[in-house]
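Observations on chain architecture
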Amino acid sequence: MGNACYYSVEKLLSSSLLSKNVKIRIYKTVILPIVLYGCESWTLTLREEHRLRVFENKVLRKIFGAKRDEVTGEWRKLHNTELHALYSSPDIIRNIKSRPLRWAGHVARMDESRNACRVLVGRPEGKKHLGRPRRRWKDNIKMDLREVGYDDRDWIILAEDRDQWRAYVRAALNLRQWQRKLLTEKRSIVCGPLEKEIRKRLVKCFVWIVTEYVAETWTLRRCKRKRLEALETWIWKRMERVEWTDRIRNEAVLERVGEERMMLKLIRMRKRNWLGHWLRRNCLLKDALEGMVNGRRVRGRRRYQMIDDIKIYGSCEETKRKAGNI
């Protein structure tokens, strides 16, 4: 139904005679009510949320049109981030998540003799089927309330207070805008008018610490090393506001920042320090790393293990001798 309604007004949305504000009003008054009809009783899955976002982005691209690329000079479609920046209203998912909350508060305040309230509060008799239970409508309500900061289990008592419940409904509707504002504030710390050295220290103190959490126990395969190097380069690109359309090599970005590739070196240094820590002690972890497993191993190439990371610094005997001398 939503696609049929969209194609019926497609010419109006792409017309150059109407302003963008009028087109957005057409979308909100004609298309959106048909798409969201009965959404108060929906139990959305991640796949359905993705399909709804794709549909809304398709409508917004038709409204805002194409954009001329500053580098190539060719017309291209708007990216999702550009659409979200142009469309200031709450997106379709926030609309869907706020309406069940509004309806849940209405049902919770009903008299217990009403059928809707009896279905909400009542419990079916009998034995449930085997396996994990399906996600219920009430579970979605609890998850949406948890997103806006309410962790108490008994939300039905909270719904009795109309003003407080209305505040949670508005918070669920405008959550995406608050997240955008918080994200822009975080970006202003890294990309803002601070000195370069201060921004580099902030990145190393906050971003790298979280990234390298428990890095001592990692087994650094080739694919993981490439992903860590790509993450490190992406962070410096974000700090210097380098877009992918600028076509700047990674080495040039590192020269602009004045840094070398240090993330893998720091991880290996932490692994070496942790290795010396347990080699100097007779503990269960030492027995687990140096011990042998009984039985025949599986056919095929042996998997890359943590002991192989240790052999980078030399043989096991040499590593143990160095650790004992520290």
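- Per an unreviewed UniProt entry, the protein chain goes by the name Endonuclease-reverse transcriptase and belongs to Periplaneta americana.

1. Some thoughts on the overall build of the protein chain
- Counting its regular elements, the protein chain contains 18 helices and 2 strands.
- For the protein chain, buried positions account for 33% of its 326 residues.
- Of all intrachain contacts in the protein chain linking residues separated by at least 6 positions in sequence, the fraction that spans at least 24 positions is 65%.
- Accessible surface, the protein chain as shown: approximately 23600 Å² in total, 53% of it carbon and sulfur.

2. Considerations on unusual backbone geometry
- Unlike most non-glycine residues, Arg 241 shows phi in positive territory, near 55 degrees.
- Here Arg 241 is to be found in the loop between α13 (222-239) and α14 (250-257).
- Taking the relative accessible area as the measure of exposure, Arg 241 reaches 59% and is therefore exposed.

3. Remarks on the side chain of Thr 233
- Locating Thr 233 in the fold gives a position in helix α13.
- When its relative accessible area of 4% is taken as the criterion, Thr 233 is described as buried.
- In this structure the side chain of Thr 233 is engaged in a polar contact, spanning 2.9 Å, whose partner is the backbone oxygen of Glu 229.
- Each residue touching Thr 233, except ones within four places of it in the same chain, is listed here: Asn 250 and Arg 261.

4. Let's talk about the environment of Glu 49
- Relative to the helices and strands, Glu 49 is located in helix α4 (residues 46-64).
- Overall, the relative accessible area of 11% leaves Glu 49 in the buried class.
- If we ignore the near neighbours within four places in the chain, the residues touching Glu 49 are Leu 44, Ile 93 and Lys 97.

5. As for the packing of aromatic side chains
- According to the stated counting rule, one finds 4 aromatic pairs in the structure shown.
- Measuring from ring centre to ring centre gives 6.3 Å for Tyr 27 and Tyr 87, while their planes differ by 70 degrees; the resulting arrangement is edge-to-face. Pair noted here: Tyr 27 is in helix α3 (residues 20-35) and Tyr 87 is in the loop between α5 (80-86) and α6 (92-108), with a separation of 60 residues, a long-range link. Here Tyr 27 matches Tyr 87 in class, with each residue buried.
- Each residue in the set Tyr 6, Tyr 7 and Phe 55 is aromatic and connected to the rest through ring pairs, giving one cluster.
- Over the ring of Trp 218 we find Lys 224; its NZ or CZ atom is 5.7 Å from the centre of that ring.

6. Section: a positive patch on the surface
- On the surface, Arg 221, Lys 224, Arg 227 and Arg 303 cluster together into a positively charged patch.
- Among the structural elements, Lys 224 can be located in helix α13.
- Residue classification places Lys 224 among the partly exposed positions, given a relative accessible area of 31%.

7. Some thoughts on the pattern of salt bridges
- Counted under the stated rule, the structure contains 13 salt bridges.
- Among the salt bridges present, the one from Lys 97 reaches Glu 49, with a minimum N-O distance of 3.8 Å. Taken as a pair, Lys 97 in helix α6 and Glu 49 in helix α4 lie far apart in primary sequence, 48 residues in all. For the pair formed by Lys 97 and Glu 49, the shared burial category is buried.
- Connected through shared salt-bridge partners, Glu 197, Lys 200, Lys 204 and Glu 259 make up one network.

8. Comments concerning the environment of Asp 154
- Relative to the helices and strands, Asp 154 is located in the loop between α8 (137-147) and α9 (155-158).
- In this structure, the C-alpha to C-alpha distance between Asp 154 and Lys 142, residues 12 residues apart in sequence, is 9.3 Å.

9. Comments concerning a nonpolar patch on the surface
- A surface patch of nonpolar side chains, about 370 Å² in accessible area, is lined by Leu 12, Leu 17, Leu 18 and Val 22.
- Its location among the elements puts Val 22 in helix α3.
- Overall, Val 22 belongs to the partly exposed group, its relative accessible area being 36%.

Calculation notes
- Residues numbered from 1 in each chain as written.
- Predicted model: local features only at pLDDT ≥ 70, side-chain atom pairs only at ≥ 80, totals over all residues.
- Heavy atoms only, no water.
- Helix = DSSP H or I, 4+ residues; strand = E, 2+ residues; numbered from the N terminus.
- Buried < 20%, exposed > 50% of the residue type's maximum accessible area, 1.4 Å probe, protein only.
- Contact = heavy atoms within 4.5 Å.
- Areas by Shrake-Rupley, 256 points an atom, 1.4 Å probe, with all protein chains shown as cover.
- Polar contact = N/O pair within 3.5 Å; in protein donor to acceptor, adjacent residues only side chain to side chain.
- Phe/Tyr/Trp six-rings, centres within 6.5 Å; stacked < 30°, edge-to-face > 60°.
- Lys NZ or Arg CZ within 6 Å of the ring centre and 35° of its normal.
- Patch = residues over 30% accessible without salt bridge, like charges linked within 9 Å, V, L, I, M, F, W, Y side chains within 5 Å.
- Salt bridge = Lys/Arg side-chain N within 4 Å of Asp/Glu carboxyl O.
- Lys, Arg positive; Asp, Glu negative; His and termini not counted.
- Charge placed at Lys NZ, Arg CZ, Asp CG, Glu CD.

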